[in-house]
Amino acid sequence: MAKSLQGRTALVTGGTGGIGTAICKRLAESGARVVATYRDKAKAERWQAERRVEGLTIEVVDVDVTDFDSCRAMVERVEREIGPIDILVNNAGITRDTTFRKMSKEQWDGVITSNLDSLFNVTRNVVAGMLERGFGRIINISSINGSKGQFGQVNYSAAKAGIHGFTMALAQEVARKGITVNTVSPGYVNTAMVEAVPADIRQAIIAKVPVGRLADPREIAWAVGFLVAEESGYITGANLPVNGGLYLG
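What this report covers is the structure whose coordinates are included nearby. (Residues numbered from 1 in each chain as written. Predicted model: local features only at pLDDT ≥ 70, side-chain atom pairs only at ≥ 80, totals over all residues. Heavy atoms only, no water.)

## With respect to the overall build of the chain
- Assigned secondary structure in the chain consists of 9 helices and 7 strands.
- With the C-alpha coordinates of the chain rotated into their principal frame, the extents come out at 45 × 40 × 35 Å.
- Counting over 249 residues, the chain shows a buried share of 47%.
- Across the chain, contacts joining residues at least 24 apart in sequence account for 74% of those joining residues at least 6 apart.
- In the structure as shown, the chain presents an accessible area of about 12100 Å², 52% of it carried by carbon and sulfur atoms. (Helix = DSSP H or I, 4+ residues; strand = E, 2+ residues; numbered from the N terminus. Buried < 20%, exposed > 50% of the residue type's maximum accessible area, 1.4 Å probe, protein only. Contact = heavy atoms within 4.5 Å. Areas by Shrake-Rupley, 256 points an atom, 1.4 Å probe, with all protein chains shown as cover.)

If you want it as structure tokens, here you go:
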């Protein structure tokens, strides 16, 4: 793979998960210095060792993306020890699924804070440096369910819809400073979480996808790689769906 991101530093929140791993590997293989955030130290150390076996050096850093001060300290550390952040991928998030009439305030707050507030907490601490340097690529990972909604996911769907609103507004504010802001909205992806779904339910999901399969995490990573490229500087405020034709709205 061409080292098109040589000299760039990329920060990927939630980088040790299924989609996050694929994104980190894609960016590292393209020459970027990559930093993945984590919450579980033991898991992160195992993950980092696995990347080394693959020939990839990816740094890991602990952060609570729901806490603004934690994000500020993390960004300061990354920029001090590794380099100015040129590429930010906001990928961290959780689910707390239940029907709305059964949803607790804690389930609502947990998802909104982790999936949506985290964008402010991390991006607010990164964007100033991008503005000063006149370059930046910000990718926000949303979901098909932020566009079409999903039964039992009012909290998640609301958060993911808000992500693209964030993208469109911020894109307008920073466009003249060489910074692009875009959304990638995956459909159903073949990750460990989806593999844990009972086989009959998983097959029912696949049957609805026009291309007839789940996405490979590397296909989501490819979309991110496309949008962070130097050549994608005229694409901003966009939502790139990667869902196999499941939702065309």
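What follows picks up the thread again.
## Concerning the pairing of strand β3 (residues 58-62)
- One ladder, built from 5 bridges, connects strand β2 (residues 33-38) with β3; its direction is parallel. Bridge pairing links T37 to V61 in β3.
- Where the polypeptide runs from β2 across helix α2 (residues 41-53) and back to β3, its parallel neighbour, the crossover connection is right-handed. (Pairing = 2+ DSSP bridges. Right-handed = clockwise from strand over helix to strand, strands pointing away.)

## Digging into the pairing of strand β1 (residues 9-12)
- Burial along β1 is two-sided: T9 and L11 facing one way and A10 and V12 facing the other are all buried.
- Crossover connection from β1 via helix α1 (residues 18-29) to parallel β2: handedness right-handed.

## Side note on the sheet that holds β2
- As summarised here, the arrangement of the 7 strands in space is β3-β2-β1-β4-β5-β6-β7, forming an open sheet in which the pairing is parallel. Each having just a single partner strand, β3 and β7 (239-242) make up the two edges of the open sheet. Between one strand and the next, the sheet's axes are offset by a mean angle of 20°, whatever the strand orientation.
- Pairing between strand β6 (residues 179-186) and β7: 4 bridges, direction parallel. Each bridged residue has a counterpart across the sheet, and for T183 the counterpart in β7 is N239.
- The strands touched by helix α4 (residues 105-133) within the sheet are β1, β4 (87-90), β5 (136-141) and β6, with β4 carrying the most contacts at an inclination of about 170°. (Axes fitted to C-alpha atoms, helices over the stretch in contact; angles between N-to-C directions.)

## So, the side chain of N90
- One can find N90 in strand β4.
- Side chain to side chain, N90 and T123 meet in a polar contact 3.0 Å long.
- Residues within four places of N90 in sequence aside, it is in contact with T13, L119, V122, T123, I138, I139, N140 and I141. (Polar contact = N/O pair within 3.5 Å; in protein donor to acceptor, adjacent residues only side chain to side chain.)

## As for the nonpolar core
- The biggest cluster of nonpolar side chains holds 32 residues, and the ones touching the most others in it are I23, L27, V34, V89 and V184.
- When contributions to this core are tallied by element, the ones reaching two or more residues are β1, α1, β2, α2, β3, β4, β5 and α9 (217-228).
- Counting 22 residues, the second-largest nonpolar core is a separate cluster that includes V65, A92, V126 and M130. (Core = buried A, V, L, I, M, F, W, Y, C linked by side-chain atoms within 4.5 Å.)

## Digging into the packing of aromatic side chains
- Applying the stated criterion to the full structure yields 2 aromatic pairs.
- On the numbers, 5.8 Å between centres and 0° between planes, the contact of W222 with F226 is stacked. Taken together, the residues W222 and F226, both in helix α9 and 4 residues apart, mark about one turn of the helix.
- Above the ring of F135, the side-chain terminus of R8 is found at 3.7 Å from the ring centroid. (Phe/Tyr/Trp six-rings, centres within 6.5 Å; stacked < 30°, edge-to-face > 60°. Lys NZ or Arg CZ within 6 Å of the ring centre and 35° of its normal.)

## A closer look at the packing of helix α3 (residues 68-81) against α4
- Taken N-terminus to C-terminus, the directions of α3 and α4 make an angle of 40°; their axes are 7 Å apart at the nearest point. α3 and α4 meet at a crossing whose hand is right-handed. Of α4, the residues touching α3 (which contributes F68, C71, R72, V75 and E79) are F120, N121, V122, R124, N125, V126 and R133.
- Here the contact of α3 with α4 is composed, by residue class, of 6 nonpolar, 2 polar and 4 charged. (Left-handed = near helix turned anticlockwise from the far one by under 90°. Nonpolar A, V, L, I, M, F, W, Y, C, P; charged D, E, K, R; others polar.)

## Description of α3
- With 14 residues, α3 extends 20 Å between its outermost C-alpha atoms, agreeing within 8% with the 20 Å of an ideal straight helix rising 1.5 Å per residue.
- Those residues of α3 that sit buried are C71, M74, V75 and V78. What you see down the axis of α3 is that its buried residues fit within an arc of 100°, all on one side. Exposed positions of α3 whose direction lies more than 90 degrees from the buried face are R80 and E81.
- On its buried face, α3 sits against β1, β2, β3 and α4.
- The N-capping residue of α3, defined by a side-chain oxygen 3.2 Å from the backbone nitrogen of D69, is D67.
- Following α3 by one or two positions, G83 has its phi on the positive side, about 150°. (Expected span 1.5 Å × (residues − 1). Arc of directions from axis to C-beta.)

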